[in-house]
Number of protein chains: 2
Amino acid sequence: MEVREYKRDEWIIREGMRPDYLYYVIEGKAKIYVTYQNGKVSLINFINAHDYIGEMELLHEVYYTKGIQASAKTVCFEIPLHHYRKKLLEDTTFLRELTKFLSVKATKMAEKYSQGLSFPLENRLADFILQTADGDVYKEKHVTVCDFLGVSYRHLLHVLVQFCEKGYLQKEGRHYHIRQPDDLHRLADVLKNE
Amino acid sequence: MEVREYKRDEWIIREGMRPDYLYYVIEGKAKIYVTYQNGKVSLINFINAHDYIGEMELLHEVYYTKGIQASAKTVCFEIPLHHYRKKLLEDTTFLRELTKFLSVKATKMAEKYSQGLSFPLENRLADFILQTADGDVYKEKHVTVCDFLGVSYRHLLHVLVQFCEKGYLQKEGRHYHIRQPDDLHRLADVLKNE
DNA sequence: CCCGAAATATGAGATATCTCATATTATTGT
DNA sequence: ACAATAATATGAGATATCTCATATTTCGGG
């Protein structure tokens, strides 16, 4: 097993390249991207500390590998598959652990789905900004964001302007500086309770 | 292992009652409900043929069991846990199978989440109607539906009236008769491609 | 260095959806 | 059988969000 560190924007896995390792994230955060037939690239999900990466490739013989990019400094354990694949798939302790991880993930996504629909962009964007920020700098491409959040470009800009007017963010060139993280957290937290 | 059949509206698992079996759905469909502290009951997800039920209870020592109700005739394999729990958790073939199932489920939910937000109620409601209908009869409670779809009661009614005006549905008492399933499928399919 | 494509911006009008107010039925407990 | 509560309905005005049109700026390739 190896330990490796990735910098912000570094690719942990390149899309389409079946990975040679099973990864376990110790620290950091990353984004999952996929490219569609028409060439459009979409952000589809996040990865955080204590998540596995590459488990789909471990489990499924045929699986289209998605791209994974660090969105802040990220540290992983990396287990070489060519050597340990067979062992892992026969290790009941590991399988139980992975099954638990996946069951929790599936449940969380289901919750997110059935709730997330309800809230206005203001709340979902606050959550998104906090999830993707590197320290106090937010610099995602608007195009990617409105695709991920399922909202029009126009409206995204509109809400970002509001955040700046309220002082939550400050625009600096083409990045945004997070000035009042507490206010963003307050908005994002609305998504989490019921 | 036993085989059992449930009728529409019959409870497969009662909320809060840890199940005695691991279930595998051979045929049919069901709904997952949870009751919150304030007493509100929410529909949170669906179960279809080839899904497992009760795997969360098998895997996690502490887990709050949600209610599961058949929404059409449903047939399950049922494996008694008191006898087979230990065996299942040490059976690598079974664990691999379950892990695959959960990984697919998690991925599907993530997709649904990142896409589902985008579409107007018209599309999501069409999908919902087809998923919950028993034959050609749709009879979910409006209150439950607008909670699940994250939409206001007022707006749900508005769109249902439109569906009736367009002839997709026909209101009969407090149920709806599906008259043009093809049109509903056309609307629902929009959710599925990219 | 220039070009074209992609990304960023901004305005204005159209829809989708929400909130609130208010009636009219079902359902349920007593 | 009655009252209380939940579910169904409907209207009207307020917001959130979309679509389209159009400029400006950034960026990679030749």
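Computed from a predicted structure; not experimentally measured.

Conventions and cut-offs
Residues numbered from 1 in each chain as written. Chains lettered and ligands numbered in written order. Predicted model: local features only at pLDDT ≥ 70, side-chain atom pairs only at ≥ 80, totals over all residues. Heavy atoms only, no water. Least-squares fit on C-alpha atoms with pLDDT ≥ 70 in both. Domains from an automatic or database assignment. Contact = heavy atoms within 4.5 Å. Buried area = accessible area lost by both parts, 1.4 Å probe. Salt bridge = Lys/Arg side-chain N within 4 Å of Asp/Glu carboxyl O. Pairing = 2+ DSSP bridges. Helix = DSSP H or I, 4+ residues; strand = E, 2+ residues; numbered from the N terminus. Axes fitted to C-alpha atoms, helices over the stretch in contact; angles between N-to-C directions.

Colleague: Sorry if this is basic, but what is going on with the relation of the copies chain B and chain A here?
Modeller: In this arrangement, two copies of a chain are superimposed by a rotation about an axis accompanied by a shift along the axis. Under the fitted operation, chain B is carried onto chain A by 0.0 Å of movement along the axis and a turn of 180°, and the coordinates agree to an RMSD of 0.0 Å. Within this description, the copies of the chain are treated as partners about a two-fold rotation axis. Closest to the rotation axis within chain B is the C-alpha of B:Ala106, separated from it by 2.0 Å.

Colleague: Got a minute to help me understand the domain arrangement of chain A in this structure?
Modeller: All names here are of chain A. What the domain assignment lists for chain A is domain 1 (2-90) and domain 2 (119-189). If you look at the interface, domain 1 gives 14 residues, while domain 2 gives 11 residues. Both sides of the domain 1 and domain 2 interface together cover about 1,000 Å² of buried area, and 47% of this is carbon and sulfur. On the domain 1 side of the interface with domain 2, the three residues burying the most area are Arg8, Leu43 and Phe46, jointly 53% of the side's total. On the surface where domain 1 and domain 2 come into contact, there are two salt bridges.

Colleague: What is the right way to read the sheet that holds strand β3 (residues 21-27) of chain B from this model?
Modeller: Strands pair in a sheet through their backbones, by hydrogen bonds, and they do so in one of two ways: parallel or antiparallel. Residue and element names in this part refer to chain B. As summarised here, the arrangement of the four strands in space is β1-β8-β3-β6, forming an open sheet in which the pairing is antiparallel. Bordering the open sheet on either side are β1 (2-6) and β6 (52-53), each of which pairs with just one other strand. The pairing of β3 with β6 spans two bridges and is classified as antiparallel. Paired with Tyr24 across the strands is Tyr52, a residue of β6. Its contacts with the sheet put helix α2 (residues 81-89) on β3 and β8 (74-80), and the angle it makes with β8 is roughly 75°.

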